[in-house]
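Structural overview
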Amino acid sequence: MSVPVAFPAALAYGVCDFAGGLAARRAPVLVVTLVAQAAGLLVLLPALWLLPGRPSVTTFALGAVAGIAGTAGLLLYLRALAVGPMGVVAPLSSVVGAGLPLVAGVLSGERLGPFTVLAIVVALVAILLATAGTRRDAAATTGLLLGLAAGVGFGLFFVGLGATSDDSGLWPLLAGRVTSLTLVAVLVLRHRLPMRTRHAVLQPELAGPAAAPVSVPAPAPSPVRLMIVSGIFDSVANVLFLLSARLGDLGVSAVVVSLYPVVVVLLARAVLRERLTGMQLASAGLALGASVLLAAVG
């Protein structure tokens with residue numbers, strides 16, 4: 001029952017991440033997150049009446065903790081997408097984000113099957129290949145490290161939402177969204193970040209020194225529109241994930257949702273003409289394969 005709901009969530013997360021990552025290349029990450037969180041809140045408010053529930057102190061506390069973890073992951077993730085190759089950052093963060101709910105399940109007494117263990121091994125190989133095959137510069141390495149750290153934040157977000165009661169409706173998401181929006185707003189004001197963005201064109205991604213020249217770049221969409229699109233799809237994805245986790249197992253929902261890098265990779269290749277080195281292609285393929293295997297055996 002959970003998989004048909006989790007797959008649309010993965011699609012929505014992919015669009016959200018691509019739009020947000022693209023906006024983060026032309027505006028401060030905190031500003032991108034603030035606008036996206038505000039847009040997502042406007043979408044979430046009317047959805048509360050579509051899935052009514054009973055709010056409680058525990059619900060708000062779990063939602064707030066999940067929101068903090070998710071916001072930290074999102075800030076790290078957007079920065080990673082801004083400085084590193086999208087086609088590698090996205091799969092690596094998704095594998096880590098899917099793995100944490102599995103670890104939580106093991107700690108709670110669940111046992112991992114042989115195919116799940118195999119998927120974890122494949123994911124570790126993907127991480128090593130991504131590190132070895134990335135561009136030999138500080139920005140690319142930083143992007144990969146930030147992507148891995150972002151995956152930890154996403155995984156804690158999934159675990160936090162999964163711990164909420166089934167009768168709490170969408171109130172945990174509201175608590176998390178309000179908490180994260182407040183936190184990011186404080187950071188923006190503290191650092192006095194400008195809300196204006198710079199204009200740009202879509203430049204092809206050259207992931208390695210041997211990348212071939214490409215054609216004339218295309219005009220880039222408005223960064224503010226990208227932020228709004230990211231926030232809307234983020235809220236839609238969060239609602240779908242929460243529903244899928246309540247319809248079935250948290251681990252299954254988390255690993256199916258972790259397929260969102262497929263969308264990011266396809267959009268990065270189609271829109272940015274992103275080109276990866278051979279090692280990066282192998283890393284992205286293994287990471288995506290690990291996510292698919294986790295979803296299949298979950």
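Scroll up to find the structure.
Structural notes, computed from the coordinates. For clarity, every value in this text was computed on a predicted model and none was experimentally measured.

**A look at the overall build of the protein chain**
- For the protein chain, the count of helices and strands is eleven helices and two strands.
- Taken from N to C terminus, the helices and strands of the protein chain fall in the order α-α-α-α-α-α-α-β-β-α-α-α-α.
- Relative to its full complement of 298 residues, the protein chain shows a buried share of 53%.
- When the accessible surface of the protein chain is totalled, it reaches about 13000 Å², and 73% of it is carbon and sulfur.

**Comments concerning the environment of G53**
- Following the sequence through the fold, G53 ends up in the loop between α2 (29-47) and α3 (57-83).
- For G53, a relative accessible area of 24% puts it in the partly exposed group.
- The spatial distance from the C-alpha of G53 to the C-alpha of S168 is 4.4 Å, given a sequence separation of 115 residues.
- In this structure G53 touches D167, S168, G169 and W171, once residues within four positions along its chain are discounted.

**Here's the deal with the environment of G160**
- Positionally, G160 belongs in helix α6 (residues 138-162).
- Distance from G160 to A69, taken between C-alpha atoms, is 8.7 Å for residues 91 residues apart in sequence.
- Other than its neighbours up to four places away in sequence, G160 contacts L62 and A66.

**As for the side chain of S93**
- By secondary structure assignment, the location of S93 is in helix α4 (residues 86-107).
- There is a polar contact of 3.1 Å between the side chain of S93 and the side chain of Y260.
- The residues contacting S93, other than those within four sequence positions of it, are Y77, G147, G151 and Y260.

Parameters at a glance
Residues numbered from 1 in each chain as written. Predicted model: local features only at pLDDT ≥ 70, side-chain atom pairs only at ≥ 80, totals over all residues. Heavy atoms only, no water. Helix = DSSP H or I, 4+ residues; strand = E, 2+ residues; numbered from the N terminus. Buried < 20%, exposed > 50% of the residue type's maximum accessible area, 1.4 Å probe, protein only. Areas by Shrake-Rupley, 256 points an atom, 1.4 Å probe, with all protein chains shown as cover. Contact = heavy atoms within 4.5 Å. Polar contact = N/O pair within 3.5 Å; in protein donor to acceptor, adjacent residues only side chain to side chain.

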